[in-house]
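Take a look at the letters that make up each chain.
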Amino acid sequence: MERSNPKSALKTKDQLKDKNSKVTPKPPAKENTRQQEFKLHTGQRAVKRAMFNYSVATKFYLSEIHKRQVERVQKMIEDEEIRSLRKEMVPKAQLMPFFDRPFFPQRSNRPLTIPREPSFRRVNSKCWSCISENEFHYFQHAHAWNPIK
């Protein structure tokens with residue numbers, strides 16, 4: 001195997017400059033740019049906004065007119081109903097009872113109600129084991145379940 005000379009592999013700066021020194025022509029200098037005139041759309045936007053505001057105002061105005069008209073029609077309907085009710089509500093005297101067919105009450109077929117004593121369940125006052133220091137033990141003892149006779 002042949003070894004290459006390490007010195008030959010290294011290149012000097014001068015050799016690199018020569019290799020990269022291919023002269024490239026410079027591009028021609030650009031002319032100074034001039035500002036183009038521009039137009040703002042504020043005038044157009046102002047016109048569109050004015051048209052929009054006008055359309056909103058007309059819609060609002062028309063809705064108000066429609067609302068008033070509906071209220072007017074509703075009031076006319078209510079007034080007409082009141083007039084018709086007043087015509088119908090003519091005061092009349094009560095009809096006379098039929099004396100030729102008097103009312104005879106009939107005895108009911110339902111059985112009579114049987115009264116009974118109410119059962120209030122309460123703890124026996126003699127039994128202090130049911131009540132201890134503001135603490136209630138509800139129906140802890142058997143005698144609490146017995147109804148009062």
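The name given to the chain in an unreviewed UniProt entry is TPX2 C-terminal domain-containing protein, and the organism recorded there is Hibiscus sabdariffa. Per UniProt, the chain has the following entry under Subcellular location (unreviewed entry): "Cytoplasm, Cytoskeleton".

## Observations regarding the overall build of the chain
Secondary structure assignment for the chain yields 3 helices and 2 strands. Order of helices (α) and strands (β) in the chain, N terminus to C terminus: α-α-α-β-β. The proportion of buried residues among the 149 residues of the chain is 2%.

## Section: a nonpolar patch on the surface
A grouping of Tyr61, Leu62 and Ile65 is seen on the molecular surface, where their side chains present a nonpolar patch of about 310 Å² in accessible area. Assignment of secondary structure puts Tyr61 in helix α3 (residues 42–88).

## Describing the pattern of salt bridges
Enumeration according to the criterion identifies 2 salt bridges in this entry. Between Glu64 and Lys67 there is a salt bridge; the shortest N-O distance is 3.9 Å. Taken as a pair, Glu64 and Lys67 lie in helix α3 at a separation of 3 residues, close to a single helical turn. Ionic pairing is found between Glu80 and Arg83, a salt bridge with its closest N-O pair at 3.0 Å. Remark: Arg83 and Glu80 occur in helix α3; sequence separation between them is 3 residues, near one turn of the helix. Residue classification places Arg83 among the partly exposed positions, given a relative accessible area of 47%.

## Observations regarding the confidence of the model for the chain
Low-pLDDT stretches of the model should not have their predicted coordinates read in fine detail. Mean pLDDT over the chain works out to 78, with 66% of the residues at or above the 70 mark. Here strand β2 (residues 135–136) is the element of the chain with the lowest mean pLDDT, 46, and α3 is the one with the highest, 96. Long-range and interchain partners of residues 132–140, a stretch whose pLDDT sits below 50, account for 8 contacts in this model, where long-range means more than four residues apart.

About the thresholds
Residues numbered from 1 in each chain as written. Predicted model: local features only at pLDDT ≥ 70, side-chain atom pairs only at ≥ 80, totals over all residues. Heavy atoms only, no water. UniProt positions renumbered as here; feature names shortened; annotations may be inferred. Helix = DSSP H or I, 4+ residues; strand = E, 2+ residues; numbered from the N terminus. Buried < 20%, exposed > 50% of the residue type's maximum accessible area, 1.4 Å probe, protein only. Patch = residues over 30% accessible without salt bridge, like charges linked within 9 Å, V, L, I, M, F, W, Y side chains within 5 Å. Areas by Shrake-Rupley, 256 points an atom, 1.4 Å probe, with all protein chains shown as cover. Salt bridge = Lys/Arg side-chain N within 4 Å of Asp/Glu carboxyl O. pLDDT = per-residue confidence, 0-100. Contact = heavy atoms within 4.5 Å.

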